[in-house]
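This is what each chain is made of:
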Amino acid sequence: MFIAKAPVEEVIKLENNIYILKIFVPEIASIIKPGEFLNVKVTDSCFPLLRRPFSVCDVEGDFIFLLFNILGEGTKILAHKHRGDLIDLLGPLGKGFNLDGKFDTAIIAAGGLGVAPFPYFIREIGNKKEIKSFIGGRTKTDVITYGMKNITISTDDGSLGIKGNVVELLGQSIQKLKTERIKVFACGPSAMLRNLREFCISHNIECEASTECAMACGFGICQGCPIESVNTPERYKLVCKDGPVFNIRDVII
Ligand SMILES: Cc1cc2nc3c(=O)[nH]c(=O)nc-3n(C[C@H](O)[C@H](O)[C@H](O)COP(=O)(O)OP(=O)(O)OC[C@H]3O[C@@H](n4cnc5c(N)ncnc54)[C@H](O)[C@@H]3O)c2cc1C
Ligand code: FES
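Here the structure is a predicted model, which means the values were calculated and not measured. (Residues numbered from 1 in each chain as written. Chains lettered and ligands numbered in written order. Predicted model: local features only at pLDDT ≥ 70, side-chain atom pairs only at ≥ 80, totals over all residues. Heavy atoms only, no water.)

**Some details on the packing of aromatic side chains**
No. 1: Taken as a whole, this structure holds nine aromatic pairs when the rule is applied.
No. 2: With a centroid separation of 5.7 Å and 15 degrees between ring planes, the pair formed by Tyr-19 and Phe-68 is classed as stacked. Placement of Tyr-19 in strand β2 (residues 18-24) and of Phe-68 in strand β6 (residues 63-69) is noted, with a sequence separation of 49 residues between them. This pair shows no difference in class: Tyr-19 is buried, exactly as Phe-68 is.
No. 3: Ring centres 4.7 Å apart and planes at 55 degrees place the aromatic pair Phe-121 and Phe-185 in the tilted group. Of the two residues, Phe-121 is situated in helix α3 (residues 118-125) and Phe-185 in strand β12 (residues 182-187); the sequence distance between them amounts to 64 residues. Phe-185 matches Phe-121 in its accessibility class, with the two residues each being buried.
No. 4: Among the aromatic residues, ring-to-ring pairing joins Phe-97, Phe-103, Phe-118, Phe-121 and Phe-185 into one connected group.
No. 5: Its end group placed over the ring of Phe-63, Lys-22 keeps NZ or CZ at 4.6 Å from the ring centre. (Phe/Tyr/Trp six-rings, centres within 6.5 Å; stacked < 30°, edge-to-face > 60°. Helix = DSSP H or I, 4+ residues; strand = E, 2+ residues; numbered from the N terminus. Buried < 20%, exposed > 50% of the residue type's maximum accessible area, 1.4 Å probe, protein only. Lys NZ or Arg CZ within 6 Å of the ring centre and 35° of its normal.)

So this is what it looks like as structure tokens:
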């Protein structure tokens, strides 16, 4: 784990309040894996006090890309950074996705900003496996396709793609998908992950999901990010240290 003061290369505004932060941070870019995250101190001052966690969205050479929307004060400050501003980063943190294993097709299931970890995931998988992306949003402006591949879309209100949620979308394709050796990789709102967990258990599909919760330290010291765990000796695991990516069967979301 490194603490770096890294210069901003660029802040790119995508549509609808979505931003990409490109940061020059070779020491972390060279070792970070898909699904791992950075804990970002957005200012040098005491406010906001706590670091903010962000999944690595992509890596290109010495640069790391983060994808975020403006939610509160921290992300607002990040969106207004300029080239050359230094950002205090801690990372790589957490355990990411397991890209190896007995599957030929990676099914990505992402809701809203849940696409964030997948551009790098797709880049790292390369041609080793097939990729199929199922992306959902409440409405068409919530659907983010940045860096994604082989996309099928759903929206709750039917304004883009199929009307319904991502799990329903997967359900419609499951018979066809199950002719391949698949594994699901997911990230999105808790309600989506809860539905997906039931779906994957009932269809006996392997699934790894990136979970979210409020965090402080980001590396297992403050005990502030417990998640209830099943099928393991411990009753709770820590999202920052044992996750954020878990086998979806092993945690109660
Ligand atoms: C492992 C991990 C990876 C993440 N990756 C990304 C990412 O790639 N892109 C991204 O945009 N966001 C990501 N997040 C969420 C991100 O950390 C929060 O959106 C960010 O901290 C908000 O900071 P803020 O100061 O702008 O908002 P705050 O002022 O801190 O919060 C604004 C509002 O959002 C709520 N909120 C804050 N954090 C979360 C959260 N984690 N889940 C649900 N609600 C929250 C608060 O309760 C409050 O109501 C990730 C979170 C975790 C734990
Ligand atoms: S955020 Fe401190 S233990 Fe997880």
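**Points about a nonpolar patch on the surface**
No. 1: A contiguous nonpolar surface patch, about 330 Å² in accessible area, is contributed by Met-1, Phe-219 and Ile-221.
No. 2: Summarising the element assignment, Phe-219 is placed in the loop between β13 (207-210) and β14 (226-229). (Patch = residues over 30% accessible without salt bridge, like charges linked within 9 Å, V, L, I, M, F, W, Y side chains within 5 Å. Areas by Shrake-Rupley, 256 points an atom, 1.4 Å probe, with all protein chains shown as cover. Salt bridge = Lys/Arg side-chain N within 4 Å of Asp/Glu carboxyl O.)

**Digging into the pattern of salt bridges**
No. 1: One pass over the structure, following the stated rule, counts ten salt bridges.
No. 2: Between Asp-88 and Arg-51 there is a salt bridge, with its nearest N and O atoms 3.0 Å apart. Residue Asp-88 is found in strand β7 (residues 86-93), and its partner Arg-51 is found in the loop between β3 (37-41) and β4 (52-55); the two are separated by 37 residues along the sequence. We note that Asp-88, like Arg-51, is buried.

Geometric descriptors of this kind do not, in isolation, establish any biological role.
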